Amino acid sequence: MVHVDRQVKLIAGRQVFALPKGGKTRTVPLPESVARSLEHHIAQQPPTGVSLPWRSVDGPPVTASVLFRNIEGCAVNHVTFNRVARRPALDRAGVLRGRENGMHALRHFYASVLLDAGESIKALSE
């Protein structure tokens, strides 16, 4: 299980820590294969404390350990990640860019796969 109790959010182009969407923390089941990949990543790149304001650009600073950092050791900026890593990977794989191949579509695809595999809609929604 992964416990999601904060996110890195952009406000006016600046990063802040905030509660996940809807102000709700979440506990998400994690497949064993993903857990092993994360363990390997953590062994190679241990989580590091990053300080960001809480909820607003002028909010009180909060320090939290993050799993994924950029080359400067800061929290990953999703805009930069998309430009530098995700879009070039899509291009190399021959996948067309667009909403139909975006992260939200991936989330819905995963949900559909779980439902097809017999997961209950109640468990999926939770």
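Everything below is about the structure printed above this text.
The rules behind the values
Residues numbered from 1 in each chain as written. Predicted model: local features only at pLDDT ≥ 70, side-chain atom pairs only at ≥ 80, totals over all residues. Heavy atoms only, no water. Helix = DSSP H or I, 4+ residues; strand = E, 2+ residues; numbered from the N terminus. Buried < 20%, exposed > 50% of the residue type's maximum accessible area, 1.4 Å probe, protein only. Contact = heavy atoms within 4.5 Å. Salt bridge = Lys/Arg side-chain N within 4 Å of Asp/Glu carboxyl O. Patch = residues over 30% accessible without salt bridge, like charges linked within 9 Å, V, L, I, M, F, W, Y side chains within 5 Å. Areas by Shrake-Rupley, 256 points an atom, 1.4 Å probe, with all protein chains shown as cover. Lys, Arg positive; Asp, Glu negative; His and termini not counted.

S.K.: Please clarify how the overall build of the protein chain should be interpreted in this entry.
M.R.: Each helix and strand in the protein chain was counted, giving 4 helices and 6 strands. Order of helices (α) and strands (β) in the protein chain, N terminus to C terminus: β-β-β-β-α-β-β-α-α-α. Viewed in the frame of its principal axes, the protein chain has a C-alpha envelope of about 45 × 35 × 30 Å. The buried share of the protein chain, taken over its 126 residues, is 15%. Long-range pairs, those at least 24 residues apart, make up 42% of the contacts in the protein chain between residues at least 6 apart in sequence.

S.K.: Help me out: how do you make sense of the pattern of salt bridges in this one?
M.R.: Pairing between side chains of opposite charge can happen when their charged atoms approach one another. In this structure the tally under the stated criterion is 3 salt bridges. Here Arg 36 ties to Glu 32 by a salt bridge, and the two come within 3.9 Å at their closest N and O atoms. Residue Arg 36 and its partner Glu 32 are both found in helix H1 (residues 32-44); the two are separated by 4 residues, about one turn of the helix. The partly exposed category is assigned to Arg 36, whose relative accessible area is 48%. Between Arg 97 and Asp 91 there is a salt bridge, with its nearest N and O atoms 2.6 Å apart. Owing to a relative accessible area of 49%, Arg 97 belongs among the partly exposed residues under this scheme. Looking at Asp 91, the relative accessible area reads 43%, which means it is partly exposed.

S.K.: Whenever I open this one, a nonpolar patch on the surface confuses me. Can you help?
M.R.: On the surface, Ile 42, Leu 67, Phe 68, Val 76 and Phe 81 cluster together into a nonpolar patch covering about 380 Å² of accessible area. Along the polypeptide, Phe 81 turns up in helix H2 (residues 78-93). You can call Phe 81 partly exposed: its relative accessible area is 38%.

S.K.: Just to check I follow, could you spell out the side chain of Arg 86 for this structure?
M.R.: Topologically, Arg 86 is positioned in helix H2. Of the side chains with opposite charge, Asp 91 lies nearest to the buried Arg 86, which makes no salt bridge, at 9.0 Å. Those residues in contact with Arg 86 that lie beyond four places of it in its chain are Phe 81, Asn 101, Gly 102 and Met 103.

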